[in-house]
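Read off the chains here:
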Amino acid sequence: MTQKASPQTKLIHSDYQAPDGFAAFPMAIHHASSVLFENVAAMRARNWQDKSAYTYGLHGTPTTFTLEARLAEVEGGQYCVLAPSGLAAIAMVDFAFLKTGDDVLIPDNVYGPNRELGSWLKQSFGITARFYDPLIGERIAECILPNTRLIWIEAPGSISMEVPDVPAICKVAREKNVLTAIDNTWSAGIAFKAFDHGVDISVQALTKYQSGSSDVLMGAVITREKKLSQKIDIAHMRLGLGVGADDAYLVLRSLPTLRLRFDAHDKAARVLANWLKTRPEISKVLHPALPDCPGHGHWKRDFIGAGGLFSVLFDSRFSEEQTDRFVDSLKLFKIGYSWGGVNSLCVPYRMRGMRQDWNEAGQLVRLNIGLEDPMDLIADLEQAFDTLSI
Ligand SMILES: *Cc1c(COP(=O)(O)O)cnc(C)c1O
């Protein structure tokens, strides 16, 4: 057929097939919208929910299936579904498990866009979203209503850093037949084993440590139970939350060094946190491994490491203008959202507008400790502290 075809058709149809037997370390990048079937019967027999084969690019390729399987392994789960951002992964969980008339509980210190999603569900979808004290522990029982379907947890809250009592919340939720979903991004699924502490669903913003280079947006939802994962698959399909093959490849490429990078961030962040603890300008270092941090005892009991992200509270004698000047004076620390990459970042937050119950007087500044030499980062902070007295 192609022998006699016109040159134009030959540009599209070719008889050449690369030889089998190619072996190399990198995963092939499979780009596809259309996935081809042998014949009509094979096409008709194909069920998109069966992940043992391929149906359409949106539902998976060897590249995305491989990334999903590897992420599930990191977290100690069984099933994983990718999403085009961490926030899309959070939304996928809400749409998979909530319907009009349901109630969802969200910690008051949660990642901001998750909070806004909750408020949107309330305004536009007839789902009540209520916010609870992140340190509530087993008293979560008092918040659960007959229509409460899902409890979000974030460990720790990624700005104010309170570490919740995850096992206590999950125990109560399980007794009351309520699902629990954790935003486990801070720990990268390494420092906190969500499923071993009773959580049903773990969400990762792969944008952070799994990508590790501030160049990809992606998220994942991981579970141990098939029936939960099937509901997540349906939300993924209904909402059309596909990820690009090249982005999936970038995350696959970074995964082998995830543990090394995470440990390096952890080690450097503790050096910085302990140094900041000695500074008279700082009233509290909100790093889960230090006693100033609310819920530090839960971290000590349940976690096997810490990430590179923590916050500090300045002494209340410093105004926002002064702490803004401190942030503006930093040279190695850049100003920007997100974290988990090799570059150190810094963001000041206006906590009073964000939280119902914020009582700290001093300004909060969040630091992402990158992979620069910690001594250079200390020198950078030191020169910025000098500007406070000007
Ligand atoms: C960044 C982040 C997200 C969202 O990830 P994106 O890929 O930026 O949408 C969710 N949760 C936490 C805790 C995060 O830090």
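Structural data are supplied above this passage.
These numbers come from a predicted model, not from an experiment.

A. Up close: the nonpolar core. If you look at the biggest cluster of nonpolar residues, it comprises 58 residues, and the most contacted ones within it are Leu67, Leu71, Tyr132 and Ile151. Per-element accounting of this core gives the leading share, 5 residues, to helix α6 (residues 166-175). Each residue touching Leu67, except ones within four places of it in the same chain, is listed here: Leu82, Met218, Ala248, Val251, Leu252 and Leu255. Val81, Ala91, Val93 and Trp152 belong to the second largest nonpolar core, which has 29 residues in total.

B. Just the environment of Ile153, in detail. Positionally, Ile153 belongs in strand β4 (residues 148-154). A residue is classified by how much of its surface remains accessible, and Ile153, at 1% relative accessible area, is buried. Spatially, the C-alpha atom of Ile153 lies 19 Å from that of Ser338, the residues being 185 residues apart in sequence. Setting aside chain neighbours within four positions, we find Ile153 in contact with Pro107, Tyr132, Pro164, Val166, Ile169, Cys170, Thr180, Ala181, Ile182 and Asp183.

C. Broad picture of the pattern of salt bridges. Per the stated rule, a full pass over the model turns up 22 salt bridges. Close ionic contact of Lys171 with Glu175 constitutes a salt bridge, the shortest N to O distance being 3.3 Å. Residue Lys171 and its partner Glu175 are both found in helix α6; the two are separated by 4 residues, about one turn of the helix. Overall, the relative accessible area of 58% leaves Glu175 in the exposed class.

D. The side chain of Ser202, seen in detail. By secondary structure assignment, the location of Ser202 is in strand β6 (residues 201-205). A polar side-chain atom of Ser202 sits 2.3 Å from a polar atom in the side chain of Glu75.

E. A look at the packing of aromatic side chains. If you walk through the whole model with that rule in mind, you get 12 aromatic pairs. For the pair Trp275 and Phe385, a centre-to-centre distance of 6.0 Å together with 45 degrees between the ring planes defines the contact as tilted. You can see Trp275 sitting in helix α9 (residues 258-277) and its partner Phe385 sitting in helix α13 (residues 374-386), a full 110 residues away along the chain. When its relative accessible area of 2% is taken as the criterion, Phe385 is described as buried. Ring geometry for Phe314 against Phe385: centres 6.1 Å apart, planes inclined by 55 degrees, an arrangement best described as tilted.

F. Inspection of the site of the ligand at higher detail. Taken together, 13 residues surround the ligand, and among them Gly86, Leu87, Asp183, Thr207 and Lys208 come closest. Between the ligand and the protein, one listed contact pairs an oxygen atom with a backbone N or O atom of Leu87 at 2.9 Å. In the environment of the ligand, an oxygen atom lies 3.1 Å from a nitrogen or oxygen atom belonging to the side chain of Trp339. For the ligand, whose free accessible area comes to 380 Å², the fraction covered by protein is 91%. Considering each element in turn, the shell around the ligand owes the most residues, 3 residues, to helix α4 (residues 86-97). Here the residues of the shell around the ligand sort into 6 nonpolar, 4 polar and 3 charged.

G. Up close: helix α3 (residues 62-75). For α3, spanning 14 residues, the distance from its first C-alpha to its last is 20 Å, which sits close to the expected 20 Å at 1.5 Å a residue. Looking at the buried positions of α3, the neighbouring elements they touch are β1 (79-83), β6, β7 (219-223) and α8 (245-254). One or two positions beyond α3, positive phi appears at Gly76, with a value near 80 degrees.

H. Geometry of the sheet that holds strand β9 (residues 309-314). Strand order across the open sheet formed by 5 strands is β8-β9-β12-β11-β10, with mixed pairing between neighbours. Both outer strands of the open sheet, β8 (282-286) and β10 (334-335), are each paired with one neighbouring strand and no more. Judged from the 5 bridges that link them, strand β11 (residues 345-349) and strand β12 (residues 364-368) form a sheet pairing that is antiparallel. Its bridge partner lying in β12, Cys346 is registered against Leu367.

The rules behind each value
- Residues numbered from 1 in each chain as written.
- Predicted model: local features only at pLDDT ≥ 70, side-chain atom pairs only at ≥ 80, totals over all residues.
- Heavy atoms only, no water.
- Core = buried A, V, L, I, M, F, W, Y, C linked by side-chain atoms within 4.5 Å.
- Buried < 20%, exposed > 50% of the residue type's maximum accessible area, 1.4 Å probe, protein only.
- Helix = DSSP H or I, 4+ residues; strand = E, 2+ residues; numbered from the N terminus.
- Contact = heavy atoms within 4.5 Å.
- Salt bridge = Lys/Arg side-chain N within 4 Å of Asp/Glu carboxyl O.
- Polar contact = N/O pair within 3.5 Å; in protein donor to acceptor, adjacent residues only side chain to side chain.
- Phe/Tyr/Trp six-rings, centres within 6.5 Å; stacked < 30°, edge-to-face > 60°.
- Near = heavy atom within 4 Å.
- Areas by Shrake-Rupley, 256 points an atom, 1.4 Å probe, with all protein chains shown as cover.
- Nonpolar A, V, L, I, M, F, W, Y, C, P; charged D, E, K, R; others polar.
- Expected span 1.5 Å × (residues − 1).
- Pairing = 2+ DSSP bridges.

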